[in-house]
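Listed here are the chains, written in short residue letters.
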Amino acid sequence: MDRLRISGGHPLVGEIPISGAKNAALPLMAAGLLSDDGLTLANVPNLADIASMADLLNELGAELTIKRDENNQGQTVRIHAQEITNIEAPYDIVRKMRASVLVLGPLVARAGEAKVSLPGGCAIGNRPVDLHLMALESMGAQIELEAGYIHAFAPKGLHGSRITFPTISVGATENAMMAAALANGETTLINAAREPEIADLAKCLIGMGAEITGAGSDTIYIQGKPGLSHTNHSVLPDRIEAGTFAMAAAMTSGNVELLGAKLSHIEAAATILKECGVNLTETERGLRVSRLRDRLVGVDVMTEPYPGFPTDLQAQFMALMTTADGASMVTETIFENRFMHVPELTRMGANINIHGSSAMIRGTSNLRGAPVMATDLRASVSLVLAGLAAEGETIVNRIYHLDRGYDQVENKLKACGAEIRREKEA
Ligand code: EPZ
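Residues numbered from 1 in each chain as written. Predicted model: local features only at pLDDT ≥ 70, side-chain atom pairs only at ≥ 80, totals over all residues. Heavy atoms only, no water.

Engineer: Give a detailed account of the sheet that holds strand β16 (residues 278-282), specifying residues and quantitative values.
Structural biologist: One open sheet holds the 4 strands; their spatial order is β2-β15-β17-β16, and the pairing between them is mixed. Bordering the open sheet on either side are β2 (13-17) and β16, each of which pairs with just one other strand. When the angles between neighbouring strand axes are averaged without regard to direction, this sheet yields 20 degrees. Inspection of the sheet shows β16 paired to strand β17 (residues 286-291) by 5 bridges, in the antiparallel sense. Along β17, the bridge assignment pairs V278 with R291. (Pairing = 2+ DSSP bridges. Helix = DSSP H or I, 4+ residues; strand = E, 2+ residues; numbered from the N terminus. Axes fitted to C-alpha atoms, helices over the stretch in contact; angles between N-to-C directions.)

Here you go:
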């Protein structure tokens, strides 16, 4: 397994190109199943999760061609599901990547049947899919759960429905919107997720001929169509990667331009960062990040569904707060177990106390490098950020977690002066 060796204390100075968003690319690839005419996606990040989704689509009968972009920043993925030859998403793929459940809606809508393994929990929580199933059932799908699999049938096709989500769910909103695109009649999604990735998915579906309004708001209207056709769509920039590198620049007292980043996609985080003493200003090419003053100050944060502070930036923000003056309370409201980075940060000298779903961080002026263990995607990157700011050397082990969500992380950091290299674990 690979690991990262980091020598801390070097300010990040320079520019970092922001890749296409993983959490947009994954549902967009699943949307390729909705049409027999194909779908071409540009600016797809080169990540392990993307490769897993490509394997799954292949299993289902889609043909894929993947070409690296000239600027070496992303790839163009062409998906052609002329025919769905297999309706089963097997456990060994789904357990590795729970976003595989996003093929459920497209398969039922397109092929009238789907057999998708229940994703099971993951490091950050139980992560049920009951809202996905509720939405499909209300559109007329029959759902049976047997031997760890979801078996969904809609032999006569799906029909429009009015669906109110009791809890805001990104994945359930995406599955329902994709299924509704081919349902017979109008579907209304109430209390829908409002993430930019949802609006990006809707934009792609509209390009394929779907009739959707309201995506990005909490109520989405979809008028089903008998079929969809090919479109070219470019994946929007990854707001979580942008927020991650903004915090890396701030932690190292650096000055970095994030190319392609959109301030409007990370406004809640930008507001909090400004309160901490970090300046994010829009430039022609993206966002510039630097410190407003010498020392950062602790600020409280509570994670919320978009447009609130994103749970996917919680671990990174906690790492930032370990280097600030004063205390900061970080409360995680979306997932029940998303503090795995805490014991590892503590081993680097951070002062953090967990009280239920909140963590109290008391800033320290010097983190010390140490060997640490990555556990989940965002916890892993928070350890990299801490290593960049710490005195001495940090080894981050098991960085396969990192490779799931960050494209060439060490190269992007090295280009800004970080002393970081990937090596094989002894
Ligand atoms: C998406 O996961 C993202 N993944 C996650 O990013 C992100 O943290 C999450 O949204 C929240 O923003 C992708 O887009 C591939 P949810 P998703 O359904 O859709 C509960 C990362 O690091 N829930 O919005 O699985 C659930 O348990 C990943 O890139 C139900 O109860 O998240 C959670 O508490 C991690 N029943 C809450 O809702 C359901 O049927 C929000 O989950 C579905 C969800």
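Engineer: Can you lay out the packing of aromatic side chains for me, pointing to particular residues and giving the numbers?
Structural biologist: Tallied over the full model, the rule gives 1 aromatic pair. Look at F309 and F317: their rings are 5.5 Å apart centre to centre, the planes differ by 65 degrees, and that puts the pair in the edge-to-face class. Taking relative accessible area as the criterion, F309 reaches 4% and is therefore assigned buried. In this structure, R95 packs its charged tip against the face of Y91, placed 6.0 Å from the ring centre. For K115, the ring lying beneath its charged end belongs to Y149, and the centroid distance is 5.2 Å. (Phe/Tyr/Trp six-rings, centres within 6.5 Å; stacked < 30°, edge-to-face > 60°. Buried < 20%, exposed > 50% of the residue type's maximum accessible area, 1.4 Å probe, protein only. Lys NZ or Arg CZ within 6 Å of the ring centre and 35° of its normal.)

Engineer: Tell me about the pattern of salt bridges, and name the residues and values.
Structural biologist: Tallied over the entire structure, the rule returns 18 salt bridges. D403 is paired through a salt bridge with R422; the nearest N and O atoms lie 2.8 Å apart. In this pair, D403 is assigned in helix α13 (residues 400-403) and R422 in strand β24 (residues 419-424), connecting sequence segments 19 residues apart. Residue R422 is classed as partly exposed on the basis of its relative accessible area, which comes to 29%. Overlapping salt bridges, with partners in common, bring together D2, D403, E410, R422 and K424 in one network. (Salt bridge = Lys/Arg side-chain N within 4 Å of Asp/Glu carboxyl O.)

Engineer: Describe the site of the ligand, listing the residues and the values that go with them.
Structural biologist: Near the ligand you find 22 residues, and of these D130, L131, S169, D312 and I334 are the closest. With respect to the ligand, the backbone of L131 contributes an N or O atom lying 2.7 Å from an oxygen atom. Measuring from an oxygen atom of the ligand, one finds a backbone N or O atom of I334 at 2.6 Å. Isolated, the ligand exposes 830 Å² of accessible area, and the fraction of that covered by the protein chains is 86%. Put simply, the parts of the chain that give the shell around the ligand at least two residues each are α1 (22-31), α5 (130-138), α6 (170-180) and α12 (377-389). (Near = heavy atom within 4 Å. Polar contact = N/O pair within 3.5 Å; in protein donor to acceptor, adjacent residues only side chain to side chain. Areas by Shrake-Rupley, 256 points an atom, 1.4 Å probe, with all protein chains shown as cover.)

Engineer: An account of the packing of α5 against α6 is needed here, citing residue identities and associated values.
Structural biologist: Contact geometry for α5 and α6: axes closest at 8 Å, N-to-C directions at 25 degrees. Put simply, α5 runs roughly parallel to α6. Judged by the sense of rotation from one axis to the other, the crossing of α5 with α6 is right-handed. Contacts from L131, H132, A135 and L136 of α5 reach α6 at G171, A172, N175, A176 and A179. (Parallel < 35°, antiparallel > 145°, perpendicular 65-115°, else oblique. Left-handed = near helix turned anticlockwise from the far one by under 90°. Contact = heavy atoms within 4.5 Å.)

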